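Here is how the chains run, residue by residue.
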Amino acid sequence: MSETPAAKPPEEPKGPGLCGQFLKDHGIATTRLPDSCGVETIEIDGAHLEAAMKLLRGSSEIKLDYLVAVSGVDSADTFDSVYQLWSYSNNNELIIKVRVKKTDVVEGQLPLVPSLSRFWSAANWHERETYDLVGIRYYGHPYLRRILNVWDWDGHPLRRDYKQLVDALNDKAPGSFR
Amino acid sequence: MAEGNVQGPSEVPDELKDTVTLTTLEKMIEAMGDLLSPVVSPIANAARSNSVWPLTFGTSCCAIEMMSVGMSKFDISRFGSEVFRATPRQADMIITAGTITRKMAPALITLYEQLPEPKYVIAMGACTVTGGMFNDSYSVVQGVDRIIPVDIYLPGCPPRPEGILDALLKLQQKIRTESYAERKKKKYRQNAVRYVDYDTGRPLEDLVDEARYETALALDPLKSLQESK
Ligand code: SF4
């Protein structure tokens, strides 16, 4: 690892990959992003997310029927909601990103992404966790509440602008060893 | 914490009087007080120090070592900590085995309050001594002594089972040397330093102060006028 020179920016992929082509054939536009660790990565508009997921899960040739994880990233200028899919029968993976520009987020509100948990219950807790830590509001979620932190927590800890609360449980007392 | 500990004995409020029960032995000792203490304390202490039953309280990886020390290879019952009790009403000691998060803190305080007196705490592992590798984490209580009084600190990540046994022996020494009458008089407060209100998540002391202040204002509105001027 140490011998490799400074990392080059990843090459832009040529055309749509397997799943991107499949979605294109079914009339859903996607943008291909640089592969993440050799796994095809696509960006999709939030409005088409649910239809795309249903297609990818239900079709016999793609059959991405296992939702590994839903996570969130606070990138420099976007909030990303990241879905990792896996297919047992084809031994295939796909990563889907829904990006919400920070400039599009209404002041004082959370970025909005449609929820998958109505038809894919695996997403339920993952979306609650992402809401808790990154602060993405999944609309249509049946029970969007904090899952890891206490219900009246202030802010979302994995945000870039999160300020840690200082109180009697974590202050640096003069006598303490910290 | 230092100032909080030197307060005098707290009066049992009238509405709680019937929930506080004293055994005959305790009543007797209370009556005889310091007179009987030098005689009874060594006997009672020897008995108590050899039957410190821990509470089953494990919140993360340290709990694995705590389980191991209860099994036959290390066998904590050789030292009188016979079984891990699953309810605080039957236990004498908490080994705080594992990270205490802010969400867990009110539960730990409740468990500590539910232990019958005399009660002891061993802070096991770096996490509960100082916050350990979760230093500056947003969700971890940086040292369990911020919420409950700790008798023995046991560092390590995790400590070996021998370490737990050593901590237990140290605790037994401590129990043997203490005076029952002094402890009864509550020379230092044996309750959690911080009650947290479940609804608001704020320390109860603050809420009580606030309520007192508001009551005073309501009773004496002129005072608030004077204060605002
Ligand atoms: S001190 Fe180490 S082993 Fe113990 S709970 Fe903390 S991280 Fe786990």
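Given the structure is predicted, the values throughout are model-derived calculations rather than measurements. (Residues numbered from 1 in each chain as written. Chains lettered and ligands numbered in written order. Predicted model: local features only at pLDDT ≥ 70, side-chain atom pairs only at ≥ 80, totals over all residues. Heavy atoms only, no water.)

**Describing the packing of aromatic side chains**
Then step 1. Overall, the coordinates contain four aromatic pairs over all chains when judged by the stated rule.
Then step 2. Following the ring pairs from residue to residue traces out a cluster consisting of Trp153 and Tyr162 of chain A together with Tyr138 of chain B.
Then step 3. Positioned above the aromatic ring of Trp120 of chain A is the side chain of Arg57 of chain A, whose terminal nitrogen or guanidinium carbon lies 4.8 Å from the ring centre. (Phe/Tyr/Trp six-rings, centres within 6.5 Å; stacked < 30°, edge-to-face > 60°. Lys NZ or Arg CZ within 6 Å of the ring centre and 35° of its normal.)

**Focus on the pattern of salt bridges**
Here the idea is simple: oppositely charged side chains can pair when their charged atoms come close.
Then step 1. Here the structure, examined in full by the defined rule, presents 10 salt bridges over all chains.
Then step 2. The salt bridge involving Lys54 of chain A is made with Glu50 of chain A; its shortest N-O contact spans 3.4 Å. Separated by four residues within a single helix, Lys54 of chain A and Glu50 of chain A lie in helix H2 (residues 49-58), roughly one turn from each other.
Then step 3. Given the relative accessible area of 24%, Glu50 of chain A is considered partly exposed.
Then step 4. Between Asp151 of chain B and Lys174 of chain B there is a salt bridge, with the nearest N and O atoms lying 2.7 Å from each other. Taken together, the residues span a long stretch of sequence, with Asp151 of chain B in the loop between helix H6 (126-130) and strand E4 (152-154) and Lys174 of chain B in helix H7 (residues 161-177) at a distance of 23 residues.
Then step 5. Among the residues examined, Lys174 of chain B registers a relative accessible area of 30% and is labelled partly exposed.
Then step 6. Through salt bridges that share partners, Glu50, Lys54 and Arg118 of chain A make up one connected network. (Salt bridge = Lys/Arg side-chain N within 4 Å of Asp/Glu carboxyl O. Helix = DSSP H or I, 4+ residues; strand = E, 2+ residues; numbered from the N terminus. Buried < 20%, exposed > 50% of the residue type's maximum accessible area, 1.4 Å probe, protein only.)

**Overview of the interface of chain A and chain B**
Then step 1. Of the residues lining the interface, 19 residues belong to chain A; the matching set on chain B comes to 17 residues.
Then step 2. For the chain A and chain B pair, buried surface summed over both sides reaches about 1500 Å², with 50% attributable to carbon and sulfur atoms.
Then step 3. Counting across the chain A and chain B interface gives zero salt bridges.
Then step 4. Class assignment of the residues belonging to the side of chain A that touches chain B gives a composition of 11 nonpolar, three polar and five charged. (Contact = heavy atoms within 4.5 Å. Buried area = accessible area lost by both parts, 1.4 Å probe. Nonpolar A, V, L, I, M, F, W, Y, C, P; charged D, E, K, R; others polar.)

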